[in-house]
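Take a look at the letters that make up each chain.
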Amino acid sequence: MRFLTLLFLLLTFRGHAQYTHVWKGTQDNQWNNATNWQPATVPTTSSKVRIDTCVNCPIALASSVKVDDLYLFSTALSLQAHTLQSNTLSVYFSELTANNGKISSQEIRVFVENTVLGDLQFETQNGQFQAGNTFQNAVQITLNACATCAGFVMYAPNVFNGQVRLTNKGQGFTVSAYSGTVTFNKKMTLINAATADVTSQYFGQKDYLNVRGNVVFEDSVVVIDSSSNRNSRVWFTDVRFNAPTLLNTKGSTVYVGMKAAEINSSLQLQSNGGAFELGTTTSGQAVFTTSGRLQLKQGDCSGTRLAWNNCKYLNNSALKIDISSTDTTQLSNEFTTSDSAYIVADLTVLSPLIQLDGGTFNGKATFNRTKSPYFPQMCAGGNVFADSLTIINSSGSPWFWGATRNDVFGKSVRAVHSAKNTNELYLAQAGSTTFKANLTLQSTPSANAGGIFVGFGADSVRFDNNAKVVIDDFGAGTAGLFNVRQRGKTAQNRFTLHGNGILRIENSTFAGVLAANIPQLYLNNSVFLQPVVFVKTANGLNSSVGNNTFRSRLQLVNNATAGSLKFVFMDSNLSK
């Protein structure tokens, strides 16, 4: 590698401008001593300076200096607390020592295989750190605005043994663009204060020639995005987080795992209008190991989108994602998944918008669609729920589940209709959905119209042997069962509705006993193989459309103080 570096240096050197000042060091190590220079004058703001002979090193600055161009090769320079300013800077195989000193250059052309001792600040508009640099102490890099610049690149391998602070006001940082590893052994802080229309920060491989490079964070990471520009991006492409990480975004989208991300500690998300994507829908993957943990609670995120794509969560501790915004003036928060989503822990999600388009959930899962975004939400389906599932629609608009693909329900499912405004919760829309355990439908006292509707396509819903439908504490809206097929004679179906609740059954077959206390009842084209009891409890006129078949005992009870029940409106069959 050193041979390639030397070849690169020779090519670079040939392109350098003619130097006006060359270090000789004939007197001492003081920069401001004219006798140390050829010609024997101290460099000025128009000087092009070359130091490639380490005589009387380290060369010491007694005050801040400014030159036009500075070239350092295999030398040592001590800045202490002073500022070294140049329009262009090239540093090779050198040692820089500072005590809160500063290097300010419009362009850092080359910075390769150097050692930096002490706390040092860099300020530039455009530049790069090539491979082989070691920063033993704290380093700060400020990238100023420049519309025509390419930003700042750090090629692997580079090692940071002190704290690192990156401040972007320009076109952004790229860390590790080629093969190798960039290691941050102490805290790394990124502040994105860019005002440009589009700016991006990259950590890890950036698809140069499809060569893989990665970034390792051994200590904590803090990202603070103060830009409200929604075109801004922060990419953690190929990275490993070994310590607590805080990602805070105001407008940017933060991507974790565009190639591969490994989270071995806590990852805290905060947002006020930005978005987070965990993994990609294609090859990129983010993995929370057994020691990795996501931290996100109500108030941390407002007007944000959390996309759980190709992301595995292997920590068994219960996970709660509460992005239910309490500020109705903010954009609605959204939680989405894709086919490669995988979570082993018990999961609770509260969000105004929830879209589940594939994913595997091994623990108990609860999804509560909160508030009212004023437009329908569709979950395509294709999800696997290995444990019990609770679905709560607290919004003011329809929510469709299994709209285009079947969901797999391994255990019991509870669906809750809970909203003050009209809304509907639609389950098993794609057809041929199977419930292996009980399905429970409920509504809360705050609900009024709307309701829960199960199944719509032909032969859309099946219940395995002994799985039953439970309608419990349903006080408002409609509990609708369409194209339901129940198997197993031992299933005991009990429907309890009150208030203004409506039971609607169409094109369904019940193999088990059914007992229903219902304010209002509508039946159509359904088959009941075991004894059935309907008890009407509310006033008003209800009727059976007809075409129903009762293979066993049927009992009708009208406990309403007024009104009637017209049960056989069209042809129906009573076998016993």
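Residues numbered from 1 in each chain as written. Predicted model: local features only at pLDDT ≥ 70, side-chain atom pairs only at ≥ 80, totals over all residues. Heavy atoms only, no water.

(A) Up close: the overall build of the chain. Tallying secondary structure elements over the chain gives one helix and 66 strands in all. Counting all 576 residues of the chain, 55% fall into the buried class. For the chain, long-range pairs separated by at least 24 residues make up 52% of all intrachain contacts whose partners lie at least 6 apart in sequence. Accessible area for the chain stands at about 22600 Å²; split by element, carbon and sulfur atoms hold 48% of it. (Helix = DSSP H or I, 4+ residues; strand = E, 2+ residues; numbered from the N terminus. Buried < 20%, exposed > 50% of the residue type's maximum accessible area, 1.4 Å probe, protein only. Contact = heavy atoms within 4.5 Å. Areas by Shrake-Rupley, 256 points an atom, 1.4 Å probe, with all protein chains shown as cover.)

(B) Layout of the nonpolar core. Core analysis: the largest hydrophobic core is formed by 122 residues, its most contacted members being Trp31, Phe236, Trp308, Ile321, Phe367, Trp401 and Phe495. In terms of nonpolar packing, the next biggest core, distinct from the first, is built from six residues, Tyr19, Tyr71, Val110 and Val112 among them. (Core = buried A, V, L, I, M, F, W, Y, C linked by side-chain atoms within 4.5 Å.)

(C) Expanded view of the packing of aromatic side chains. Enumeration according to the criterion identifies 42 aromatic pairs in this entry. Aromatic pair phenylalanine 122 and phenylalanine 129: ring centres 5.2 Å apart, planes at 75°, arrangement edge-to-face. Here the aromatic rings of phenylalanine 510 and phenylalanine 528 are separated by 5.9 Å at their centres, their planes lie at 5°, and the arrangement is stacked. Placement of phenylalanine 510 in strand S57 (residues 509-510) and of phenylalanine 528 in strand S60 (residues 527-528) is noted, with a sequence separation of 18 residues between them. Judged by relative accessible area, which is 1%, phenylalanine 528 ranks as buried. Among the aromatic residues, ring-to-ring pairing joins Phe111, Phe122, Phe129, Phe135, Phe152, Phe160, Phe173, Phe184, Phe203, Phe217, Phe236 and Phe241 into one connected group. (Phe/Tyr/Trp six-rings, centres within 6.5 Å; stacked < 30°, edge-to-face > 60°.)

(D) Spatial organisation of the environment of lysine 187. Mapped onto the elements of the fold, lysine 187 is located in the loop between strand S19 (180-184) and strand S20 (188-192). Overall, lysine 187 belongs to the partly exposed group, its relative accessible area being 32%. Here lysine 187 is in contact with Gln163, Val164, Asp219, Ser220 and Val222, once residues within four sequence places are set aside.

(E) Representation of the sheet that holds strand S52 (residues 469-474) within the structure. Strand order across the open sheet formed by 11 strands is S34-S37-S40-S43-S46-S49-S52-S55-S58-S61-S64, with parallel pairing between neighbours. Among the strands making up the open sheet, the edge pair consists of strand S34 (319-322) and strand S64 (554-558). Along the sheet, successive strands turn relative to each other by an average axial angle of 10°, direction set aside. (Pairing = 2+ DSSP bridges. Axes fitted to C-alpha atoms, helices over the stretch in contact; angles between N-to-C directions.)

(F) The pattern of salt bridges, seen in detail. Applying the stated criterion across every chain yields a total of eight salt bridges. Across the salt bridge formed by glutamate 123 and lysine 102, the nearest N and O atoms sit 2.6 Å from each other. Here lysine 102 lies in strand S9 (residues 101-112) and glutamate 123 lies in strand S11 (residues 120-124), a separation of 21 residues in the sequence. Residue classification places glutamate 123 among the partly exposed residues on the basis of a relative accessible area of 21%. For glutamate 277, the salt bridge identified is with arginine 305, shortest N-O distance 2.9 Å. Placement of glutamate 277 in strand S28 (residues 275-278) and of arginine 305 in strand S32 (residues 305-308) is noted, with a sequence separation of 28 residues between them. (Salt bridge = Lys/Arg side-chain N within 4 Å of Asp/Glu carboxyl O.)

(G) Seen up close, the environment of threonine 35. Among the structural elements, threonine 35 can be located in the loop between strand S1 (21-23) and strand S2 (37-38). Measuring from C-alpha to C-alpha, the distance between threonine 35 and tryptophan 23 comes to 9.5 Å, with 12 residues separating the pair along the chain. Sequence-distant contacts of threonine 35, defined by excluding residues within four places in its chain, comprise Thr26 and Gln27. Within the local environment of threonine 35, its side chain forms a polar contact with the side chain of asparagine 33, the two groups lying 2.7 Å apart. (Polar contact = N/O pair within 3.5 Å; in protein donor to acceptor, adjacent residues only side chain to side chain.)

(H) Structural view of the sheet that holds strand S50 (residues 451-454). The seven strands lie next to each other as S41-S44-S47-S50-S53-S56-S59, forming an open sheet whose pairing is parallel. Every interior strand has two partners, whereas the edge strands, strand S41 (377-378) and strand S59 (520-524), have only one. Bridge count between strand S56 (residues 502-506) and S59: five bridges; the pairing is parallel. Bridged to isoleucine 505 within S59 is leucine 523.

(I) View of the side chain of serine 418. Relative to the elements of secondary structure, serine 418 occurs in the loop between strand S46 (413-417) and strand S47 (424-427). A distance of 3.2 Å separates the side chain of serine 418 from the side chain of threonine 444, its partner in a polar contact.

(J) Just the state of the cysteines, in detail. Scanning all chains against the criterion turns up two disulfides. Two residues, cysteine 146 and cysteine 149, share a disulfide whose sulfurs are 2.1 Å apart. Of note, the bridge from cysteine 146 to cysteine 149 carries an S-S torsion of about 65° and is right-handed in sense. By relative accessible area, cysteine 146 is classed as buried at 14%. Since its relative accessible area comes to 16%, cysteine 149 is described here as buried. Of note for the chain: the bonded cysteines, numbered N- to C-terminal, pair according to 1-2, 3-4. (Disulfide = S-S within 2.5 Å.)

(K) The pairing of strand S58 (residues 513-518), seen in detail. Side chains Leu514, Ala516 and Ile518 project from S58 onto a buried face, and the interleaved Val513, Ala515 and Asn517 project onto a face without burial. With five bridges joining them, S58 and strand S61 (residues 532-536) adopt parallel strand pairing. By the bridge assignment for S61, leucine 514 is matched with valine 532.

(L) Seen up close, the confidence of the model for the chain. For the chain, mean pLDDT is 87; residues scoring 70 or higher make up 89% of the total. For the chain, helix H1 (residues 2-14) is the element with the lowest average pLDDT, namely 44, and strand S36 (residues 342-343) is the one with the highest, namely 98. Long-range and interchain partners of residues 1-16, a stretch whose pLDDT sits below 50, account for 23 contacts in this model, where long-range means more than four residues apart. (pLDDT = per-residue confidence, 0-100.)

(M) Structural context of unusual backbone geometry. That bond from glutamine 38 to proline 39 is cis: its omega, 0°, falls within 30 degrees of zero. Of note, the amide linkage connecting alanine 156 to proline 157 takes the cis form, showing an omega dihedral of -5°. Locating proline 157 in the fold gives a position in the loop between strand S15 (152-154) and strand S16 (158-160). If you check the backbone angles, asparagine 100 has positive phi at about 65° while not being a glycine. Along the chain, the position of asparagine 100 falls in the loop between strand S8 (95-98) and S9. Under the relative-accessibility criterion, asparagine 100 is labelled partly exposed at 47%.

(N) Main features of the side chain of asparagine 133. With respect to the helices, strands and loops of the structure, asparagine 133 is situated in strand S13 (residues 133-135). By relative accessible area, asparagine 133 is classed as buried at 1%. Here glutamine 130 takes part through its backbone oxygen, which lies 2.7 Å from a polar atom of the side chain of asparagine 133. The residues contacting asparagine 133, other than those within four sequence positions of it, are Phe111, Val112, Glu113, Asn114, Pro157, Asn158 and Val159.

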